[in-house]
Amino acid sequence: MPENEQAPDTEKPTSPFDLEDSDLYSKYLLFSRGEMLFVLRALQQKGCMITAHFDHGKSFFLTSLIDVDGDEDQLIFDYGSNEEMNRKVAGADKVIFTSSLDKVKVQFTLPGITPITHEQRPAFSGNLPESILRLQRREYYRLSTPVANPLKCFVPLADGILETTVLDISGGGIGLMLPADRKDFAADSAFANCKLELPEEGTIVFNMIVRNAFFQSNKTGNSYLRAGCEFDNLSGAKLAAIQRYITRIERERKARESGML
């Protein structure tokens, strides 16, 4: 399983540990044992990739849930292929797990995980967490952009213009796919004069603020940095253009599914 030994070395950890901001995200926290088991089992059943952060967010590796034992309140995680990384995480006193379930961010903390043997292969074991953050905000409808014709966002940086792929878009912001080694997209980073090319709507120039950034992996197992960015003071005309684009793409998608296109 692909993994990196070090997350980008920035002043702030690239991983967005939202669950530690109880004032801002308390309403998204699950404390019910039944609700938490439901979410964890869904992560297992759907084979969701999970990023395990430790060493104050400086180190991480990719894993997945291979068993959720509700009787023992025990979680079994897949073992990594890097023995040094396995040894390091086994000695960590805090591990923060971040994943995505049906486009909803899931995050929880465990006070360490223990190496075990599960079904004759190495694995990690941990207890049921005290709470789970299920961050689902519905201020705007969020559209996953077409894979065949993805949107492009151009971000001015000190070393030039960075062309990025837009994973999703809403009236509130966009999700960007970035190289895993980018060091300038930590949470709260601000970017001015970004450009978004919307088919049939033209080019929109806007400012944005990074609200979260975490590592994910694609179907081939390669990791990338996913940055969730919020539009900063977007004008009404630009917001209307984005909403027209979302409505048109969604209408076309539904037409294809019904066989009308």
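Everything that follows concerns the structure shown earlier in this document.
Residues numbered from 1 in each chain as written. Predicted model: local features only at pLDDT ≥ 70, side-chain atom pairs only at ≥ 80, totals over all residues. Heavy atoms only, no water.

Oppositely charged side chains may form a pair once their charged atoms are brought near each other. All chains considered together, the criterion is met by ten salt bridges. Of the charged contacts in the structure, one is a salt bridge between arginine 182 and aspartate 184, with a shortest N-O distance of 2.6 Å. For arginine 248, the salt bridge is made with glutamate 252, and the minimal N-O distance between the two is 3.5 Å. Separated by four residues within a single helix, arginine 248 and glutamate 252 lie in helix H4 (residues 236-257), roughly one turn from each other. By relative accessible area, arginine 248 is classed as buried at 13%. Judged by its relative accessible area of 27%, glutamate 252 is partly exposed. (Salt bridge = Lys/Arg side-chain N within 4 Å of Asp/Glu carboxyl O. Helix = DSSP H or I, 4+ residues; strand = E, 2+ residues; numbered from the N terminus. Buried < 20%, exposed > 50% of the residue type's maximum accessible area, 1.4 Å probe, protein only.)

Once that is clear, we can look at helix H2 (residues 33-45). When the terminal C-alpha atoms of H2 are compared, their 18 Å separation across 13 residues agrees well with the 18 Å that a helix rising 1.5 Å per residue should span. Those residues of H2 lying buried are Met36, Leu37, Val39, Leu40, Ala42 and Leu43. The inward-facing, buried residues of H2 abut strand S1 (29-30), strand S4 (65-69), strand S5 (74-78), strand S6 (95-101), strand S7 (104-110) and strand S10 (132-135). One or two positions beyond H2, positive phi appears at glycine 47, with a value near 60°. (Expected span 1.5 Å × (residues − 1). Contact = heavy atoms within 4.5 Å.)

Counted according to the given criterion, the structure contains seven aromatic pairs. Here phenylalanine 60 and phenylalanine 215 contribute two aromatic rings whose centre-to-centre distance is 4.3 Å and whose plane-to-plane angle is 5°, an arrangement assigned as stacked. Of this pair, phenylalanine 60 sits in strand S3 (residues 59-63) while phenylalanine 215 sits in strand S16 (residues 202-217), placing them 155 residues apart in sequence. Here phenylalanine 60 and phenylalanine 215 have matching classes, each one buried. (Phe/Tyr/Trp six-rings, centres within 6.5 Å; stacked < 30°, edge-to-face > 60°.)

With that settled, consider the state of the cysteines. Scanning the model with the defined rule gives zero disulfides in all. The thiol of cysteine 153 is unpaired, and the distance to the nearest cysteine sulfur, on cysteine 194, comes to 5.3 Å. The buried category is assigned to cysteine 153, whose relative accessible area is 0%. Here cysteine 229 is not disulfide-linked; the sulfur of cysteine 153 is the nearest cysteine sulfur, at 7.4 Å. (Disulfide = S-S within 2.5 Å.)

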